[in-house]
There are 2 protein chains.
Amino acid sequence: MPGILDEFFYPSTVALIGATDKQTKPGRAILENLAHFNGAVYPVNPKHGTLLGHRCYASIAEVPAEIDLAIVALPATLVEHELDALRAKGVRRLIIISSGFSEAGVAGAGMQGRIAGKIKEYGMRLIGPNALGVYNTDNGLDSFFVSRERVSRPVAGRLSIISQSGAITVILMEALARDGIGLAKAVNYGNRLDVDDADCLDYFADDPRTGAVAMYMESVADGKRFLHAAKNITVKKPLVVWKAGKFETGAAAVASHTATLAGRYGLYQAAIRQSGAVEAYGFDHLVDTAKAVAIMNYPCMGSRLLIVTNGGGMAVAAADQAGMEGFTLPHAPESVREKLGQAFPTYFVLNNPIDITGSGKDEDYYTALKEALPHYDAAIVIVLMGATSVTESVTELIARACHEAKKPVACCILQGLGYTREAMNVLLKLGIPVYPSPERAVRALSALRKIACRNVKK
Amino acid sequence: MPGILDEFFYPSTVALIGATDKQTKPGRAILENLAHFNGAVYPVNPKHGTLLGHRCYASIAEVPAEIDLAIVALPATLVEHELDALRAKGVRRLIIISSGFSEAGVAGAGMQGRIAGKIKEYGMRLIGPNALGVYNTDNGLDSFFVSRERVSRPVAGRLSIISQSGAITVILMEALARDGIGLAKAVNYGNRLDVDDADCLDYFADDPRTGAVAMYMESVADGKRFLHAAKNITVKKPLVVWKAGKFETGAAAVASHTATLAGRYGLYQAAIRQSGAVEAYGFDHLVDTAKAVAIMNYPCMGSRLLIVTNGGGMAVAAADQAGMEGFTLPHAPESVREKLGQAFPTYFVLNNPIDITGSGKDEDYYTALKEALPHYDAAIVIVLMGATSVTESVTELIARACHEAKKPVACCILQGLGYTREAMNVLLKLGIPVYPSPERAVRALSALRKIACRNVKK
């Protein structure tokens, strides 16, 4: 039996209540985004006969089809009344985009309470209010009120996003799009009046398109249900969770953001750990770890880490971070060092890190990795593209060596002007994520290790 | 009396030993970069009569001028012998670019020892070996063997860089260039055979072009001298220090990078704190804090922080980080909240963070900051450019409000596709640094606060 979210992600017919052509209104951006949906779209607004090439209906009652999903983008004060019309039409799945409910003070909380009553009475299921709703690369469904010119969408892929915050959802999506990481689905439930964190986890646990999940939460609806759902999904696929609202300052911010109580951080940390998920410590760490779990192919790692670099200082930074994360940096076996010593100039440093210096060439990365990587559990490869002797082809050689060794590897490629998107895609396609600083590469690899080690049956 | 580094940064005549036109050799990139120097350049290489439009000399003896500074870019094995020729010519300041000395094993260490003896005997001063040398925006002097096509140089400005690592030096410079932050001077001393960290600090303390210093170190030459020099400079200008090689893993990497011992991290931390410098915890933090000290105008802050956002989740992240850094987030006075309540729609959230939501417009940022900022010590302003209702002009309005309030402010602008370099420059020109995540903005502001509070006489 598919979860209740299936009808939100795979409707055949969608009505948009509050569709408009006004550029600054959510109803405009959503209508434009629905052009990508492989299903029927029915805009509703009494002021228009047509909208962006669609026939527009004066009310939901006039729509000449059964509606699987209604997206409500009306001012908050009009939503309550609209529910009656939606019920009369037989609509049972709703996304309420509108803000101005519990997050905005007493009057809004009153409205939210009345909506909660009606939803229950009418047997409806609801995502929102104060939410972006759903995004599905499988059928093009996109209820987000941000235009594609402003926020680019990632390509189709295996990562799914669950987020309490709309802002985090879109910024995470844009970060993935920028880095070429593929997305399966995303859901932002905002004030979480009905559909909640546990519902989303349960759905993605069984969704065949979802291979890994990145989650942003400020609170959970029900601690027990969350823990159960998180334990259930992490048996099947990796889950990365960023819990915000950790401290008093942040917890107060949560109360006025999604109108929930942030609760005690220590309890959340324990629950995340106990569930088998990995905790991300902030925005950058969530993005970095999500990238890793979305694309990396090789599971459980030991602690023996190899670092290869053409810039010593950056390798020291990586080595520091590796130490903090519990990696060890043993030297390569003597036989390997002898072999490399014959292949390389005397000024290359054949310890760990292996430093091929500012004079190191593309092939030297391949040689170092080919000989040494089989003796390690994982590697960090750092390339300063500013060095005169490396070219864009270095990514192909690194990818080849890592692929041959079948070991998990994260890259740090510095000085963005020197390499192109295609050069980076060579790495991504073979499951090698690329990061802008050595510390970030090590932290992502470390998160992967925690997940991978847990998922492998001993 | 100018410090000994003055003759390194302001020579009238420079000889480049090992000049070449071979694309992959350091001597080629340096010769190209010396084209920007406002002084006389004399390439030396017996194999060439001319090089890139310069007359080329067979040996230093043949150069028809007194040489203030010689840059030596020969293979390591040829350097020792060259010192005799340089002495005969009367050269007293040297930068040795060549690697392959102590950092590369026993044979290299032997050569480095012999060079040390000769330098002393001949009364020379040396930067290097295994170093990039010096970069000076004041006279265009640039001994770095990385081309400008590969590593862009920052505009002239007030930040100077001291670095034990060449890689960190150029990556930091490129990060500054990318963000439009101005540089005064940079020095990378590599194996630090002679000129050391304390010499550099002393020089920048008195350099009128240097307004702030960012420093990367793996070790210090002499603990007492370092502490004295750091204390001396921090009375005059802010100093940010990133100490790498913190842990066993990193310390081992240091030994094979710049051939020094990293020493105990706890002692370094204490020395940095005692000197009045601020510690950066890694590469990103060094870049972020350097940006802040390089451009921000307003000194000592209290702990009362205002957060203004159009995306609630990002404000929660900022609030969390603010709590960790010891900021408080009090609400604005009731009178301010009433005034904003009248100006804004009911669904804007008027706590702290002030959340103007995804519907907030450019002017709403101005209104919120104009009314609230005077009641705080500093602010973090977060803009999600993906929101339909904000435009590039938002940076002008934010800059104006912060300028009027004369309070230190850091911005986090997300979704890079939505804003241009010019829009960001409006902020930078008024001393408002811009960061790619809320946590990074808060951490940089916090570092500034530590520095600013210390420099103001109580």
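Remember, it's a predicted structure, so these values are computed and weren't measured experimentally.

## What about the environment of A:Ile233?
Residue and element names in this part refer to chain A.
Then step 1. Along the polypeptide, Ile233 turns up in helix α7 (residues 223-234).
Then step 2. For the pair Ile233 and Asp202, spaced 31 residues apart in the sequence, the C-alpha separation amounts to 6.9 Å.
Then step 3. The contact partners of Ile233, leaving out residues within four places of it in the chain, are Leu201, Phe204, Ala205, Val213 and Leu239.

## What about helix α10 (residues 283-295) of chain B?
Then step 1. Taking 1.5 Å as the rise per residue, α10(B) with 13 residues should run 18 Å; its terminal C-alpha atoms sit 19 Å apart, in good agreement.
Then step 2. With 13 of 13 residues buried, α10(B) lies mostly within the body of the structure.

## Describing the sheet that holds strand β19 (residues 409-414) of chain A
Sheet strands associate in pairs through backbone hydrogen bonding, adopting either a parallel or an antiparallel arrangement.
Residue and element names in this part refer to chain A.
Then step 1. The mixed open sheet is built from six strands, whose spatial order is β16-β17-β15-β18-β19-β20. The sheet is open, and its two edges are formed by β16 (349-350) and β20 (434-435), each paired on a single side.
Then step 2. Pairing geometry for strand β15 (residues 305-309) and strand β17 (residues 354-355), over two bridges, is parallel. Bridge pairing in β17 places Val308 opposite Ile354.
Then step 3. Packing against the sheet, helix α13 (residues 362-372) makes contact with β15, β17 and β18 (378-384), and its axis sits at approximately 165° to β15.

## Regarding the relation of the copies chain B and chain A
Then step 1. For the match of chain B to chain A, the screw axis carries a shift of 0.0 Å, the RMSD comes to 0.0 Å, and the turn is 180°. Both copies of the chain, as the preceding transformation shows, are related through a two-fold rotation axis. If distances are taken from each C-alpha of chain B to the rotation axis, the shortest is found for B:Asp284, at 5.5 Å.
Then step 2. The overlap is high: 100% of the interface residues of chain B also sit at the interface in chain A, so the same surface is used on both sides.

## Things to note about unusual backbone geometry
Then step 1. In this chain, A:Gly128 is followed by A:Pro129 through a cis amide linkage whose omega measures -5°.
Then step 2. By secondary structure assignment, the location of A:Pro129 is in the loop between β7 (125-127) and β8 (133-136).
Then step 3. Here the phi dihedral of B:Arg192 falls at roughly 55°; this positive angle occurs in a residue that is not glycine.
Then step 4. As for its position among the elements, B:Arg192 is in the loop between β11 (183-188) and α6 (197-206).
Then step 5. The backbone of B:Thr357 sits at a positive phi, close to 60°, despite the residue not being glycine.

## Observations regarding the pairing of strand β6 (residues 93-96) of chain A
Residues and elements named next belong to chain A.
Then step 1. Side chains of β6 alternate between two faces, with Arg93 and Ile95 and Leu94 and Ile96 buried alike.
Then step 2. Relative to β6, strand β5 (residues 69-72) runs parallel, the two being bridged by three bridges. Bridged to Ile71 within β6 is Ile95.
Then step 3. As for the winding sense of the linkage, the β-α-β connection from β5 through helix α3 (residues 76-89) to β6 is right-handed.
Then step 4. Bridge count between β6 and β7: three bridges; the pairing is parallel. Bridging across to β7, Arg93 finds its partner in Arg125.
Then step 5. Viewed along the sheet, the connection from β6 through helix α4 (residues 106-121) into β7 turns out right-handed.

## With respect to the pairing of strand β10 (residues 156-163) of chain A
Successive side chains on a regular strand alternate, one facing one side of the sheet and the next facing the other.
All names here are of chain A.
Then step 1. Of the pairings in the sheet, the one linking β10 to strand β11 (residues 183-188) comprises five bridges and is parallel in character. In the strand pairing of β11, Leu159 is matched with Leu183.
Then step 2. After leaving β10, the chain enters helix α5 (residues 166-179) and then returns to the sheet as β11, a path that is right-handed.
Then step 3. Bridge count between β10 and strand β12 (residues 212-217): five bridges; the pairing is parallel.

## Considering the nonpolar core
Then step 1. Counting 222 residues, the largest nonpolar core has A:Ile127 and B:Ile127 as its most contacted members.
Then step 2. In this structure A:Ile127 touches A:Leu5, A:Phe8, A:Leu94, A:Ile95, A:Ile96, A:Gly133, A:Val134, A:Val187, A:Asn188, A:Tyr189 and A:Val195, once residues within four positions along its chain are discounted.

## Some points on empty space enclosed by the protein
Residue and element names in this part refer to chain B.
Then step 1. Scanning the entire structure with this criterion turns up seven cavities of 30 Å³ or more.
Then step 2. Looking at the largest cavity, its volume works out to about 60 Å³.
Then step 3. It is helix α14 (residues 394-405) that contributes the most residues to the lining of the largest cavity, three residues altogether.

## As for the interface of chain B and chain A
Then step 1. Facing 65 residues of chain B, the contacting portion of chain A comprises 65 residues.
Then step 2. Where chain B abuts chain A, roughly 5000 Å² becomes buried across the two surfaces, and 62% of that area is made up of carbon and sulfur atoms.
Then step 3. There are zero salt bridges connecting chain B and chain A.
Then step 4. The interface formed by chain B and chain A includes 16 residue pairs in polar contact (both at pLDDT 80 or more).

## So, the sheet that holds strand β13 (residues 239-243) of chain B
Residues and elements named next belong to chain B.
Then step 1. The mixed open sheet is built from seven strands, whose spatial order is β9-β8-β11-β10-β12-β13-β14. A strand with exactly one partner marks an edge of an open sheet, and here the two such strands are β9 (141-142) and β14 (278-280).
Then step 2. Contacts from α6 reach β10 (156-163), β11, β12 (212-217) and β13 within the one sheet, and its direction differs from that of β10 by about 165°.

## Things to note about the environment of B:Ser393
Residues and elements named next belong to chain B.
Then step 1. Relative to the helices and strands, Ser393 resides in the loop between β18 (378-384) and α14.
Then step 2. The class of Ser393 is partly exposed, set by a relative accessible area of 37%.
Then step 3. Separated by 30 residues in sequence, Ser393 and Ala423 place their C-alpha atoms 7.0 Å apart.

## Re the domain arrangement of chain A
Then step 1. Under the domain assignment, chain A is made up of domain 1 (1-132), domain 2 (151-295) and domain 3 (298-457).
Then step 2. Each of domain 1 of chain A and domain 3 of chain A has a C-alpha centre, and these two points are 50 Å apart.

Calculation criteria
Residues numbered from 1 in each chain as written. Chains lettered and ligands numbered in written order. Predicted model: local features only at pLDDT ≥ 70, side-chain atom pairs only at ≥ 80, totals over all residues. Heavy atoms only, no water. Helix = DSSP H or I, 4+ residues; strand = E, 2+ residues; numbered from the N terminus. Contact = heavy atoms within 4.5 Å. Expected span 1.5 Å × (residues − 1). Buried < 20%, exposed > 50% of the residue type's maximum accessible area, 1.4 Å probe, protein only. Pairing = 2+ DSSP bridges. Axes fitted to C-alpha atoms, helices over the stretch in contact; angles between N-to-C directions. Least-squares fit on C-alpha atoms with pLDDT ≥ 70 in both. Right-handed = clockwise from strand over helix to strand, strands pointing away. Core = buried A, V, L, I, M, F, W, Y, C linked by side-chain atoms within 4.5 Å. 1 Å grid on protein atoms, 1.4 Å probe; cavity = no way out; pocket = protein on both sides within 12 Å on 5 of 7 lines; lining within 4 Å. Points joined across faces, edges and corners; volume = space filled by probe spheres on them. Buried area = accessible area lost by both parts, 1.4 Å probe. Salt bridge = Lys/Arg side-chain N within 4 Å of Asp/Glu carboxyl O. Polar contact = N/O pair within 3.5 Å; in protein donor to acceptor, adjacent residues only side chain to side chain. Domains from an automatic or database assignment.

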